[in-house]
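The lines below spell out each chain.
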Amino acid sequence: MKYFINHPETNEVIGEYEFTSMPGCSRIGISHGLKIYPEFRGKGLSKQTQDIRDNKAKELGYIIILSTTAVGNAAQEHRQEWNCSKKVQWLFNDKTGHDVILYARHLYDWRQNL
């Protein structure tokens, strides 16, 4: 399902993202389609709105979020490292012709009682 990202101060729509449940395991979410619209890029808004996306994922019942990043996309790789995602696998996507990194991120501290 697609969700929109609002600016934290002006409430203007600045981007969008999607979550899909992993088939066979509804507690794992797949994050895809994250876009910050061009006029809002480079202003730290993706980081500022990470909590909003995390809260939506928790509301949907996810405990782990999977996502991919194209190798060499420094901004995306930095964002993945900033939000404590763990590199799971480096692979070649033959449909796009790109090397990608699969990331996993726990939304809860594993020691917490869910």
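No experiment lies behind these values; they were computed from the predicted model shown.

*Asks:* Requested: an account of the overall build of the protein chain, with residues and values cited.
*Replies:* The number of helices and strands found in the protein chain is three helices and six strands. In sequence order, the secondary structure elements of the protein chain are arranged as β-β-β-α-α-β-α-β-β. Dimensions of the protein chain, computed from the C-alpha atoms along their principal axes, are close to 40 × 40 × 25 Å. Looking at the protein chain as a whole, 33% of its 114 residues qualify as buried. Summing over all exposed atoms, the protein chain offers an accessible surface of approximately 7,400 Å²; the carbon and sulfur share of this is 53%.

*Asks:* An account of the sheet that holds strand E2 (residues 13–22) is needed here, citing residue identities and associated values.
*Replies:* Spatial ordering of the open sheet is given by E1-E2-E3-E4-E6-E5, a layout of six strands whose pairing is mixed. The sheet is open, and its two borders are formed by strand E1 (2–6) and strand E5 (86–93), each paired with just one other strand. Pairwise comparison of adjacent strand axes, ignoring direction, gives a mean angle of 30 degrees for this sheet. Looking at chain direction, strand E4 (residues 64–70) and strand E6 (residues 98–106) are connected through seven bridges and run antiparallel.

Reading guide: rules and limits
Residues numbered from 1 in each chain as written. Predicted model: local features only at pLDDT ≥ 70, side-chain atom pairs only at ≥ 80, totals over all residues. Heavy atoms only, no water. Helix = DSSP H or I, 4+ residues; strand = E, 2+ residues; numbered from the N terminus. Buried < 20%, exposed > 50% of the residue type's maximum accessible area, 1.4 Å probe, protein only. Areas by Shrake-Rupley, 256 points an atom, 1.4 Å probe, with all protein chains shown as cover. Pairing = 2+ DSSP bridges. Axes fitted to C-alpha atoms, helices over the stretch in contact; angles between N-to-C directions.

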